[in-house]
Amino acid sequence: MRQAKLAFPSVHLIVGVFSDDASLRYGAKTVWPEVERIELVRHCRWVDEVIKDVPWELTLNFLREKNIDFVAINEGTSVDPMCDKTRVRGYDELKKHGMDHPS
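Residues numbered from 1 in each chain as written. Predicted model: local features only at pLDDT ≥ 70, side-chain atom pairs only at ≥ 80, totals over all residues. Heavy atoms only, no water.

J.: I would appreciate a short explanation of the overall build of the chain in the present structure.
T.: Along the backbone of the chain there are 5 helices and 4 strands. Start at the N end of the chain and walk to the C end: the helices and strands fall as α-β-α-α-β-α-β-α-β. Expressed as a percentage of the 103 residues in the chain, the buried residues total 33%. Taking contacts inside the chain between residues at least 6 apart in sequence as the whole, the part at least 24 apart equals 63%. Of the roughly 7200 Å² of accessible surface on the chain, a fraction of 51% belongs to carbon and sulfur atoms. (Helix = DSSP H or I, 4+ residues; strand = E, 2+ residues; numbered from the N terminus. Buried < 20%, exposed > 50% of the residue type's maximum accessible area, 1.4 Å probe, protein only. Contact = heavy atoms within 4.5 Å. Areas by Shrake-Rupley, 256 points an atom, 1.4 Å probe, with all protein chains shown as cover.)

This is the structure we're talking about:
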């Protein structure tokens, strides 16, 4: 998150947290419950805002609704064969519009 925050001179860093239901539905293992994950992110010094229950697949509509211009994605995530294909579709859509930033 530090890298994402420092990538641009005046960035407002928003971090999205998946709900427990979405994580279970898509087979993602969570270490902490949703409420604790939100609090962990909220207390990170680099984070300006936390959005809970973000969609599993990012869409341009969601980004526009939240006034998000760029999305930082872990480098290699969209080519990782273990990455959920629904999320990859969302990442690919962001790339088409130049809204991704590998971190």
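Back to the text.
J.: Would you explain the packing of aromatic side chains in this entry?
T.: Each aromatic ring pair is characterised by the separation of its centres together with the angle its planes make. Summed over the entire model, instances satisfying the criterion amount to 3 aromatic pairs. Pairing phenylalanine 18 with tryptophan 56 gives two aromatic rings, centres 4.4 Å apart and planes at 40 degrees, and the pair type is tilted. With a gap of 38 residues between them, phenylalanine 18 in the loop between β1 (14-17) and α2 (20-25) and tryptophan 56 in the loop between β2 (49-52) and α4 (60-65) connect regions that are remote in the sequence. By relative accessible area, which is 8% here, tryptophan 56 ends up buried. With a centroid separation of 4.8 Å and an interplanar angle of 5 degrees, the aromatic rings of tyrosine 26 and tryptophan 56 are classed as stacked. One end of the pair, tyrosine 26, is in the loop between α2 and α3 (34-42); the other, tryptophan 56, is in the loop between β2 and α4, and 30 residues separate them in sequence. Look at tyrosine 26 and you get partly exposed, because its relative accessible area is 33%. Taken together, the ring pairs connect Phe18, Tyr26 and Trp56 into an aromatic cluster. Over the aromatic face of tryptophan 46 sits the side chain of arginine 45, whose NZ or CZ is 4.5 Å from the ring centroid. (Phe/Tyr/Trp six-rings, centres within 6.5 Å; stacked < 30°, edge-to-face > 60°. Lys NZ or Arg CZ within 6 Å of the ring centre and 35° of its normal.)

J.: Just checking my understanding: could you explain the pattern of salt bridges for this structure?
T.: Think of it this way: side chains of opposite charge can pair up when their charged atoms draw near. For the structure shown, the criterion picks out 3 salt bridges. A salt bridge links arginine 42 to glutamate 39, with the shortest nitrogen-to-oxygen separation between them at 2.7 Å. Within this pair, arginine 42 and its partner glutamate 39 are both found in helix α3, separated by 3 residues, close to a single helical turn. For arginine 42, a relative accessible area of 47% corresponds to the partly exposed category. (Salt bridge = Lys/Arg side-chain N within 4 Å of Asp/Glu carboxyl O.)

J.: Just to check I follow, could you spell out the side chain of serine 23 for this structure?
T.: Tracing the backbone through its elements, the reader meets serine 23 in helix α2. A distance of 3.0 Å separates a polar atom in the side chain of serine 23 from the backbone oxygen of serine 19. Residues contacting serine 23, with those up to four places away along its chain left out, are Phe18, Ala28, Thr30, Arg37 and Trp56. (Polar contact = N/O pair within 3.5 Å; in protein donor to acceptor, adjacent residues only side chain to side chain.)

J.: Help me out: how do you make sense of the nonpolar core in this one?
T.: Across soluble globular proteins, nonpolar side chains show a tendency to be buried alongside one another. Grouped together as the largest cluster of nonpolar side chains are 10 residues: Phe18, Ala22, Ile51, Val54, Trp56, Leu58, Phe62, Leu63, Ile68 and Val71. If we skip the residues at most four places from it in the chain, phenylalanine 62 touches Ile51, Val54, Pro55 and Ile68. Core analysis: the second largest hydrophobic core is formed by 7 residues, Ala4, Leu13, Val17 and Val41 among them. (Core = buried A, V, L, I, M, F, W, Y, C linked by side-chain atoms within 4.5 Å.)

Limitation: the analysis is restricted to geometry and does not speak to function.
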